[in-house]
Amino acid sequence: MPFIQKIEQQITADPNLDHEYQWFLGIEKFNKLAPRLILGEDSPALLGGRAFGSQTLSGNGALRMATEFLVRHLNYKTVYMSNPTWDNHRLVFRYGGFTDLKYYRYWDPATRGVDFTGMLEDLKKAPKNSVIVLHMCAHNPTGCDLTREQWTMVADVLEERNLFPFIDAAYQGFASGDLDKDAWPVRYLVDRGFELFIAQSFSKSMALYSERVGCLTVVLGEGHAQDAINMSSQLVLIARAMYICPPKHGALVVSTILSDPALREECDLCIMYLLRNYRKKCLKIMNDRIQDMRKALNESLVKLGTPGNWDHVLTQLGMFSFLGLTPRQVEYIKKKHHIHMLSNSRANMCGLNDKNVDRVAEAIYDTVV
Ligand code: PMP
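What counts and how
- Residues numbered from 1 in each chain as written.
- Predicted model: local features only at pLDDT ≥ 70, side-chain atom pairs only at ≥ 80, totals over all residues.
- Helix = DSSP H or I, 4+ residues; strand = E, 2+ residues; numbered from the N terminus.
- Rg over C-alpha atoms; globule rule 2.2 N^0.38 Å.
- Buried ≥ 20, exposed ≤ 12 C-beta atoms within 10 Å, placed from the backbone.
- Contact = placed C-beta atoms within 7 Å.
- Near = placed C-beta within 6 Å.
- Nonpolar A, V, L, I, M, F, W, Y, C, P; charged D, E, K, R; others polar.
- Pairing = 2+ DSSP bridges.
- Axes fitted to C-alpha atoms, helices over the stretch in contact; angles between N-to-C directions.
- Arc of directions from axis to C-beta.
- Parallel < 35°, antiparallel > 145°, perpendicular 65-115°, else oblique.
- Left-handed = near helix turned anticlockwise from the far one by under 90°.
- Core = buried A, V, L, I, M, F, W, Y, C linked by C-beta atoms within 7 Å.
- pLDDT = per-residue confidence, 0-100.

## Examining the overall build of the protein chain
No. 1: A tally of helices and strands in the protein chain yields 15 helices and eleven strands.
No. 2: A globule of 369 residues ought to have a C-alpha radius of gyration of about 21 Å, and the protein chain, at 21 Å, matches this closely.
No. 3: Counting only C-alpha atoms and orienting by the principal axes, one finds that the protein chain spans roughly 60 × 50 × 35 Å.
No. 4: When the 369 residues of the protein chain are sorted by exposure, 44% land in the buried category.
No. 5: Considering only contacts within the protein chain whose residues lie at least 6 apart along the sequence, 75% involve residues at least 24 apart.

And the structure:
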């Protein structure tokens, strides 16, 4: 993203830039700003000191830190993930110490959407005090999100069964193009009084994949602000045992962008403010392009008379589409047409462009007829 380059030039031109160790939980400013992006500028949990952020090695690092804390200090043993989910979840939770890895139903191949009845049934059967991993938005790999009404029903079950919500927020902005709208599920759960963890990633939203910029945000219950100090001292030990401290560069970039002009007297307030707005615009441009490609692929498939219903290509959200091809069909399209996707037919919509979309549609047609 062009604005990232501008900020990087500004950061590296600073003669005071050093390569000292950072604090174990990263840059203080970043730890203040990243949770605000997700919980909202005026989040009562943040203002009341019962929510705090710790810089991590991106979203995956936040998942790993939180996992270790949940197992080591809170004695959680069981974690539920959506079926399907992002491949790495299983590895992180297993290596992080969960001994009981379970799945709740999520994808319904018949409707090519969320199997919400199945999901609720499975959550209702989850043993009390299980951890439930929920994708905040732009679910990976299905691209299917819960509606707001469905979130409220999930929250009822979490409350009834004393389940712990662990929110994976890797794609804020990628479902609706609007950072606040996409954060609604988390803000709703916090408003309802849940204690929760959020694993936040800046890999996608700021295209900083290799810089490993993320944040573990902890939200404690009303009246538990004093636990934040004890918790962060335990997180310090976990970070020290794994890597000492997180890297600096990406977090400096992100906190520069997220800086509230009012808090940054020494900065050029005007430019910062413009960049913040520009950032929102970039995200919108990326998101709109994905939507255009979904539309083009759907139209091309329909025009060719491809058997089956292809509405899901349009309605799924985020970077991915679960095309609904069988593993054999995926094997065929890879071998014959050199079009690659996961064997469960999760395809990355960002790989489509005006030049290749019709060819992809023709290959899908050839595969399913
Ligand atoms: N969660 C989900 C659902 C993801 O898809 C990803 C990346 N693909 C991540 C977390 C972690 O990404 P990162 O570690 O780069 O922030």
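## Considerations on the site of the ligand
No. 1: Inspection of the region around the ligand gives Ser58, Gly59, Asn60, Trp86, His135, Asn140, Asp168, Ala170, Ser201, Ser203, Tyr209 and Gly214 as its neighbouring residues.
No. 2: In terms of residue class, the shell around the ligand is built from three nonpolar, eight polar and one charged.

## Some thoughts on the sheet that holds strand β3 (residues 100-105)
No. 1: Pairing is mixed across the open sheet formed by seven strands, whose spatial order is β1-β9-β8-β7-β6-β2-β3. This sheet does not close on itself; its edge strands, each paired only once, are β1 (51-57) and β3. Each strand axis lies, on average, 25° off the axis of its neighbour in the sheet, ignoring direction.

## Overview of the pairing of strand β7 (residues 164-169)
No. 1: The buried fraction of β7 amounts to five of the six residues, a majority that puts the element mostly inside the structure.
No. 2: One ladder, built from four bridges, connects β7 with strand β8 (residues 196-201); its direction is parallel. Residue pairing in the sheet places Ala169 in a bridge with Gln200 of β8.

## Looking at helix α6 (residues 116-125)
A turn of α-helix holds 3.6 residues, and therefore any two residues three or four places apart point the same way.
No. 1: Where α6 is concerned, the buried positions are Met119, Asp122 and Leu123. Projected onto a plane normal to the axis of α6, the buried residues spread over an arc of 100° and lie on a single side. Along α6, exposed side chains directed more than 90 degrees from the buried face belong to Thr117 and Lys125.
No. 2: Along its buried surface, α6 packs onto β3, β5 (113-114), β6 (131-135) and α7 (148-160).

## Quick word on the packing of helix α4 (residues 58-72) against helix α10 (residues 227-242)
No. 1: One can describe the packing of α4 onto α10 by two numbers: an axis separation of 10 Å at closest approach and a directional angle of 120°. Viewed along their axes, α4 and α10 adopt a mutual orientation that is oblique. Viewed along their axes, α4 and α10 form a crossing whose handedness is right-handed. Residues Met65, Glu68 and Phe69 of α4 pack against Gln234, Leu235, Ile238 and Ala239 of α10.
No. 2: Broken down by class, the residue content of the contact of α4 with α10 amounts to five nonpolar, one polar and one charged.

## Overview of the nonpolar core
No. 1: If you look at the biggest cluster of nonpolar residues, it comprises 99 residues, and the most contacted ones within it are Ala66, Ile132, Ile167, Val186, Phe197 and Val254.
No. 2: If we ignore the near neighbours within four places in the chain, the residues touching Phe197 are Ala66, Phe166, Ile167, Leu216 and Val218.

## Focus on the packing of helix α14 (residues 327-337) against helix α15 (residues 357-368)
No. 1: Direction vectors running N to C along α14 and α15 enclose 125°, while the axes themselves pass 10 Å from each other. Taken together, the axes of α14 and α15 are oblique relative to one another. Seen from above, α14 lies across α15 with right-handed handedness. Along its contact with α14, which presents Gln329, Tyr332, Ile333 and His337, the element α15 presents Ala363, Ile364, Thr367 and Val368.
No. 2: Partitioning the contact of α14 with α15 into residue classes produces five nonpolar, three polar and no charged.

## A short note on the environment of Gly97
No. 1: With respect to the element layout, Gly97 can be found in the loop between α5 (88-95) and β3.
No. 2: Gly97 gets classed as partly exposed once you count the C-beta atoms within 10 Å, which come to 15.
No. 3: Considering only alpha carbons, one finds Gly97 and Tyr76, 21 residues apart in sequence, at a separation of 9.1 Å.

## Describing unusual backbone geometry
In most cases, non-glycine residues show a negative phi, while peptide bonds are predominantly trans.
No. 1: The residue after Asn83, namely Pro84, is reached through a cis peptide bond having omega 5°.
No. 2: Tracing the sequence through the fold places Pro84 in the loop between β2 (78-83) and α5.
No. 3: The omega torsion across Asn140 and Pro141 is 20°, close enough to zero to call that bond cis.
No. 4: One non-glycine residue, Ala138, adopts positive backbone phi at about 50°.
No. 5: Despite not being glycine, Arg212 shows a phi value in the positive range, around 60°.
No. 6: Relative to the helices and strands, Arg212 resides in the loop between β8 and β9 (213-219).

## Considerations on the confidence of the model for the protein chain
No. 1: Here the protein chain averages 90 in pLDDT, and 93% of its residues register 70 or above.
No. 2: Across the assembled chains, the prediction reports ipTM 0.98 with pTM 0.82.

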